[in-house]
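Fold and geometry: a report
Below are the chains, spelled out letter by letter.
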Amino acid sequence: MKAAALEEFLVLPWPESENWRVWVGLLLKCGAALGLSLICGVTLRRWIGGGVCRCTIHLDGKTVLVTGANSGIGKETCRDLARRGARVVMACRDLTRAVQAAEEIRESTGNGNVVVRHLDLASVYSVRTFAKEFLDTEDRLDILINNAGVMMCPKWLTEDGFETQLAVNHLGHFLLTNLLLAKMKSSAPSRVVNVSSIAHRGGRIDFDDLFFSRRPYSALESYRQSKLANVLFTRELARRLKGLGVSAFCLHPGVIRTELGRHVESWFPLLGALLRLPALLLMKTPWQGCQTTVFCAVTPGLEDRSGCYFSDCEEKEAAPEGRDDEAARRLWDHSARLVRLEDACCKGTTAGLGSR
Ligand SMILES: NC(=O)c1ccc[n+]([C@@H]2O[C@H](COP(=O)([O-])OP(=O)(O)OC[C@H]3O[C@@H](n4cnc5c(N)ncnc54)[C@H](O)[C@@H]3O)[C@@H](O)[C@H]2O)c1
């Protein structure tokens, strides 16, 4: 169709004409207008909508530990908690970037009590080494934020033979939390905050094939499985910790502009480039992305909501698959077996958390 013809096609006399092309043109224009208002609406909602933690509490004398702290949501979480006066331990895989991030946080907050420790959640050995050093050197742990994550990477197996997304997003954090629980109990009231995702919806824990050994690998299914595992772990942890002074929460941080999509972008570079502008408009900033994490970490009086799921600084209902107590218990048992939680080095640290 030539330009003039196209123009004529889209010109809209009011629909008194019976011509079907007029109606198609009208529909197209309405569609475009609707799409545009939707984008504007969502953008406005992103920028001026709720989801800001208004709690001004100070954390002087408290120690917080944040995993995956050198970028994105984790880094902004550290900045917020450092501003509140906490001692912040940044547990990171990439030490070079972590040292730079810590320096930047110290400068921007005036809090010099921000330290970096090495932690690779894809390695059971690294998690155990980190935990041992932490227990030996730190007096207390008031807030543990399990934030690190990897999304939709190719099928990589870790040195322990685990599929990477489940290993980093769930198993590493499961082991870390359990190893540090004795310290958290002695620092009670304390909190564990697990950064999950809305992607837990529609997720499924395949207990017969957690690592995609017998089924074709799907990067998306694996991510969903790992984020559902975060929700179920929170639920079971809260149940086991009832009355011990440690609460557990999980959350969806929103759709945030971070480096999390690096694997998806590397698979579809053209799509990544095309989506950059809409992403800039529609996605929240890392500062906005850390608000629900901080809300769960510091808001007083949340203890009776232990085990719950949050989004936009409000409690929300997790998807039905995230409220399955039997699956939560099974996942705990499977995870404990996989990371060998009962090994000598953990004994004594999990007191009170044995099986039912
Ligand atoms: N960005 C979003 O839109 C979004 C949405 C929902 C949930 N989340 C969750 O938020 C959390 C933070 O992600 P982000 O968006 O800030 O992305 P990010 O990529 O900026 O941060 C992830 C961090 O995890 C660290 N990490 C990855 N593998 C690790 C390992 N093996 N050991 C230790 N650290 C490791 C990375 O180094 C990085 O610092 C993730 O758990 C993610 O699933 C993010």
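Residues numbered from 1 in each chain as written. Predicted model: local features only at pLDDT ≥ 70, side-chain atom pairs only at ≥ 80, totals over all residues.

**Quick word on the site of the ligand**
- Residues in close proximity to the ligand total 28 residues, the closest being Gly 68, Gly 72, Ala 148, Gly 149 and Thr 258.
- The leading source of residues in the shell around the ligand is helix α3 (residues 72-83), at three residues.
- Taken together, the residues of the shell around the ligand sort by class into 13 nonpolar, 11 polar and four charged. (Near = placed C-beta within 6 Å. Helix = DSSP H or I, 4+ residues; strand = E, 2+ residues; numbered from the N terminus. Nonpolar A, V, L, I, M, F, W, Y, C, P; charged D, E, K, R; others polar.)

**Remarks on the sheet that holds strand β5 (residues 190-195)**
- Taken in spatial order, the eight strands line up as β3-β2-β1-β4-β5-β6-β7-β8 in an open sheet, and their pairing is mixed. If you trace the sheet from one side to the other, it starts and ends with β3 (114-118) and β8 (314-316), each paired once. Averaged over all pairs of adjacent strands, the angle between strand axes in this sheet comes to 25 degrees, irrespective of strand direction.
- Relative to β8, strand β7 (residues 309-311) runs antiparallel, the two being bridged by three bridges. Counterpart to Phe 310 in the pairing with β8 is Glu 315. (Pairing = 2+ DSSP bridges. Axes fitted to C-alpha atoms, helices over the stretch in contact; angles between N-to-C directions.)

**Examining the packing of helix α5 (residues 124-137) against helix α6 (residues 164-186)**
- Relative to each other, α5 and α6 sit at 20 degrees, their axes nearing to 10 Å. As the angle between them shows, α5 and α6 are arranged roughly parallel. Relative to α6, the crossing made by α5 is right-handed. Together, Val 124, Val 127, Arg 128, Ala 131, Phe 134 and Leu 135 of α5 and Gly 172, Leu 175, Leu 176, Leu 179, Leu 180 and Lys 183 of α6 make up the contact between the two elements.
- Of the residues in the contact of α5 with α6, the class split is nine nonpolar, one polar and two charged. (Parallel < 35°, antiparallel > 145°, perpendicular 65-115°, else oblique. Left-handed = near helix turned anticlockwise from the far one by under 90°. Contact = placed C-beta atoms within 7 Å.)

**Let's talk about helix α12 (residues 291-298)**
- Burial of α12 is extensive: eight of the eight residues sit out of reach of the surface.
- For α12, the set of buried residues is Gln 291, Thr 292, Thr 293, Val 294, Phe 295, Cys 296, Ala 297 and Val 298.
- Looking at the buried positions of α12, the neighbouring elements they touch are α3, β4 (143-146), β5, β6 (246-252), α11 (286-289) and β7. (Buried ≥ 20, exposed ≤ 12 C-beta atoms within 10 Å, placed from the backbone.)

**Considerations on the confidence of the model for the chain**
- Residues at a pLDDT of 70 or more form 88% of the chain, whose mean pLDDT is 90.
- Here residues 344-352 scores under 50 on pLDDT; set against residues more than four positions off or in separate chains, the count is 14 contacts.
- Among the prediction metrics, the complex's ipTM stands at 0.99, with pTM recorded as 0.87. (pLDDT = per-residue confidence, 0-100.)

**Side note on the environment of Trp 267**
- One can find Trp 267 in helix α8 (residues 262-267).
- Measuring from C-alpha to C-alpha, the distance between Trp 267 and Pro 154 comes to 9.6 Å, with 113 residues separating the pair along the chain.

**Re α6**
- Between its terminal C-alpha atoms α6 stretches 32 Å, which fits the 33 Å expected from 23 residues at 1.5 Å a residue.
- Remark: the principal bend of α6, roughly 50 degrees, maps to Leu 180.
- Counting buried positions along α6 gives 19 out of 23 residues, so the element sits mostly inside the fold. (Expected span 1.5 Å × (residues − 1). Bend = angle between axes of the 7 residues up to and from the residue.)

**Some remarks on the pairing of β4**
- Alternating positions in β4 separate into two faces, Ile 143 and Ile 145 on one and Leu 144 and Asn 146 on the other, with burial throughout.
- The sheet contact formed by strand β1 (residues 63-67) and β4 spans three bridges and is parallel. Note on β4: the bridge partner recorded for Val 64 is Ile 143.
- Bridge analysis of β4 against β5 gives four bridges, and the strand direction is parallel. Directly across from Ile 143, in β5, lies its bridge partner Arg 191.
- With respect to chirality, the unit in which β4 leads through α6 into the neighbouring parallel β5 is right-handed. (Right-handed = clockwise from strand over helix to strand, strands pointing away.)

**Examining the packing of helix α7 (residues 219-241) against helix α13 (residues 325-338)**
- Viewed as axis vectors pointing N to C, α7 and α13 meet at an angle of 95 degrees, and their least axial separation amounts to 9 Å. For the element pair α7 / α13, the angle class is roughly perpendicular. Residue-level contacts link Ala 229, Leu 232, Phe 233, Arg 235 and Glu 236 of α7 to Asp 325, Ala 327, Ala 328, Arg 329, Leu 331 and Trp 332 of α13.
- Partitioned by chemical class, the residues of the contact of α7 with α13 number seven nonpolar, no polar and four charged.

**Re unusual backbone geometry**
- Pro 189 follows Ala 188 through a cis peptide bond whose omega is 5 degrees.
- Position of Pro 189 relative to the elements: it lies in the loop between α6 and β5.

**Notes on the nonpolar core**
- Of all hydrophobic cores here, the largest spans 86 residues; its most connected members are Val 66, Cys 78, Val 88, Met 90, Ala 91, Leu 175 and Leu 180.
- Examining the composition of this core, we find that 11 residues originate from one element, α6, more than from any other.
- When neighbours within four sequence positions are excluded, Val 88 is seen to be in contact with Val 64, Val 66, Cys 78, Leu 81, Ala 82, Asn 113 and Val 114. (Core = buried A, V, L, I, M, F, W, Y, C linked by C-beta atoms within 7 Å.)

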